[in-house]
There are 2 protein chains.
Amino acid sequence: MLNKQDKLDLMFQALADPSRRSMIERLSKGPASVSELAKPLTMSLPAVVQHLQVLEASGLVRSEKVGRVRTCRVDWVALQTAEDWMMDRRRTWELRLDRLGDFLADQTKG
Amino acid sequence: MLNKQDKLDLMFQALADPSRRSMIERLSKGPASVSELAKPLTMSLPAVVQHLQVLEASGLVRSEKVGRVRTCRVDWVALQTAEDWMMDRRRTWELRLDRLGDFLADQTKG
DNA sequence: CTGTTTGTTAAGCATATACTTAAGTATCGC
DNA sequence: GCGATACTTAAGTATATGCTTAACAAACAG
């Protein structure tokens with residue numbers, strides 16, 4: 001089984017490549033086939049398929065094959081996991097600032 | 001100059017490593033020195049410094065050296081850039097769902 | 001059945017990443 | 001000044017990543 005840390009590794013790694021992000025951008029507008037995803041990119045089809053494998057391994061994208069066409073779509077629940085990590089960090093920071101503010105207010109009062 | 005895509009590459013790449021994320025987690029609780037960041041990690045100090053360089057190159061972390069101590073902190077504005085990219089994708093998707101909803105509603109009406 | 005479309009598999013290669021150890025530099029405390 | 005502290009730099013290495021081309025497979029269209 002893949003723990004949460006490993007999933008975050010794979011997700012952020014998947015998002016770290018501009019071609020893969022462009023694939024996700026395309027998919028956020030709706031499902032697409034492999035060749036539709038490949039069309040705007042300047043690389044070979046196998047390269048696109050490899051990027052797709054990275055995206056699927058990360059959980060960010062799912063796909064199913066019907067006939068000879070593989071249709072891909074974003075898994076928004078998975079993307080949420082990555083967003084959550086960042087929001088959690090921001091929240092920790094904000095809490096810290098709140099406590100710091102309280103402390104400074106006490107100092108002023110005292 | 002580094003364009004927005006390159007910055008996103010570096011940020012997501014920086015976030016793709018569990019050691020670097022743990023460093024950010026530590027820093028979200030407040031500034032820390034290099035050796036404080038190194039303490040919970042099981043790697044050599046130079047390795048930690050290399051991770052720190054990746055974080056700084058990405059813009060997610062800033063640091064300044066005073067005397068012999070380098071103090072590091074998270075740049076929250078930079079982290080926002082990565083969050084924004086994800087939220088933009090989600091927003092595109094939600095808009096699409098809205099339009100789809102409108103379309104289906106029209107179909108029902110007509 | 002045959003050719004075209006759509007994707008898959010395999011192998012190879014150049015570069016990047018994530019470490020390591022060893023050796024150096026610059027404070028700071030006494 | 002002198003030892004300890006807090007990094008920093010350099011060099012080397014093993015594995016991972018991002019491609020490529022060539023060859024294969026399956027499904028649909030005529």
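Residues numbered from 1 in each chain as written. Chains lettered and ligands numbered in written order. Predicted model: local features only at pLDDT ≥ 70, side-chain atom pairs only at ≥ 80, totals over all residues. Heavy atoms only, no water.

Looking at an unreviewed UniProt entry, one finds chain A named Winged helix-turn-helix transcriptional regulator and attributed to Phyllobacterium pellucidum.

This part covers the UniProt feature "domain: HTH arsR-type" (unreviewed entry) in chain A. According to UniProt, the "domain: HTH arsR-type" (unreviewed entry) feature falls on residues 1–94 of chain A. A helix fraction of 65% and a strand fraction of 15% characterise residues 1–94 of chain A, whose end C-alpha atoms lie 33 Å from each other. (UniProt positions renumbered as here; feature names shortened; annotations may be inferred. Helix = DSSP H or I, 4+ residues; strand = E, 2+ residues; numbered from the N terminus.)

Here the focus is the pairing of strand S3 (residues 69–74) of chain A. All names here are of chain A. Relative to S3, strand S1 (residues 32–33) runs antiparallel, the two being bridged by two bridges. For Ala 32, the partnering residue across the bridge sits in S3 and is Cys 72. Bridge count for strand S2 (residues 61–66) against S3 is six bridges, and the pairing is antiparallel. Along S3, the bridge assignment pairs Val 66 with Val 69. Connecting the antiparallel pair S2 and S3 is a turn made up of two residues, with Gly 67 showing a positive phi of about 65°. (Pairing = 2+ DSSP bridges.)

Here we take up the sheet that holds strand S1 (residues 32–33) of chain B. Residue and element names in this part refer to chain B. Taken together, the three strands give an open sheet; going across it, the order is S1-S3-S2, and neighbouring strands pair in antiparallel fashion. Looking at which strands have only one partner, the edges of the open sheet turn out to be S1 and strand S2 (61–66). Contacting S2 and strand S3 (69–74), helix H4 (residues 45–58) runs over the sheet at an angle of about 120° to S2. (Contact = heavy atoms within 4.5 Å. Axes fitted to C-alpha atoms, helices over the stretch in contact; angles between N-to-C directions.)

All right, on to the protein's contact with DNA strand C then. Surveying the vicinity of DNA strand C reveals 20 residues, the closest of which are Ser 35, Arg 68 and Arg 70 of chain A together with Gln 50 and His 51 of chain B. In the environment of DNA strand C, a phosphate oxygen lies 2.6 Å from a nitrogen or oxygen atom belonging to the side chain of Arg 70 of chain A. Within the side chain of Ser 44 of chain B, a nitrogen or oxygen atom sits 2.7 Å from a phosphate oxygen of DNA strand C. Elements with a minimum of two residues in the surface near DNA strand C: helix H3 (34–38), helix H4 (45–58) and S3 of chain A together with H4 of chain B. Take the surface near DNA strand C: its biggest share by element is four residues, from H4 of chain B. Split into classes, the residues belonging to the surface near DNA strand C amount to eight nonpolar, six polar and six charged. (Near = heavy atom within 4 Å. Polar contact = N/O pair within 3.5 Å; in protein donor to acceptor, adjacent residues only side chain to side chain. Nonpolar A, V, L, I, M, F, W, Y, C, P; charged D, E, K, R; others polar.)

Between the two copies of this chain, the relationship is a rotation about some axis together with a displacement along it. Laying chain A over chain B is done by rotating through 180° and shifting 0.0 Å along the axis; what remains is an RMSD of 0.1 Å. Seen this way, the second copy is the image of the first under a two-fold rotation axis. When C-alpha positions in chain A are compared against the rotation axis, the closest is assigned to Phe 12 of chain A, at 2.6 Å. Same-surface contact between copies: 100% of interface residues of chain A are shared with the interface of chain B. (Least-squares fit on C-alpha atoms with pLDDT ≥ 70 in both.)

Turning next to the packing of helix H5 (residues 76–109) of chain A against helix H5 (residues 76–109) of chain B. Running from N to C, H5 of chain A and H5 of chain B cross one another at 150°; their axes reach a closest spacing of 11 Å. By the angle between their axes, H5 of chain A is roughly antiparallel relative to H5 of chain B. Seen from above, H5 of chain A lies across H5 of chain B with left-handed handedness. Residue-level contacts link Trp 76, Leu 79, Gln 80, Ala 82, Glu 83, Met 86, Met 87, Arg 89, Arg 90 and Trp 93 of chain A of H5 of chain A to Trp 76, Leu 79, Gln 80, Ala 82, Glu 83, Met 86, Met 87, Arg 89, Arg 90 and Trp 93 of chain B of H5 of chain B. (Parallel < 35°, antiparallel > 145°, perpendicular 65-115°, else oblique. Left-handed = near helix turned anticlockwise from the far one by under 90°.)

Looking now at the interface of chain A and chain B. Contact with chain A, which involves 29 residues of that partner, is made by 29 residues of chain B. Between chain A and chain B the total buried area reaches about 3000 Å² when both faces are included, carbon and sulfur atoms providing 61% of it. Put simply, chain A and chain B have six salt bridges between them. With its nearest N and O atoms 2.6 Å apart, the salt bridge here joins Arg 90 of chain B to Glu 83 of chain A. Where chain A touches chain B, the interface holds ten residue pairs in polar contact (both at pLDDT 80 or more). (Buried area = accessible area lost by both parts, 1.4 Å probe. Salt bridge = Lys/Arg side-chain N within 4 Å of Asp/Glu carboxyl O.)

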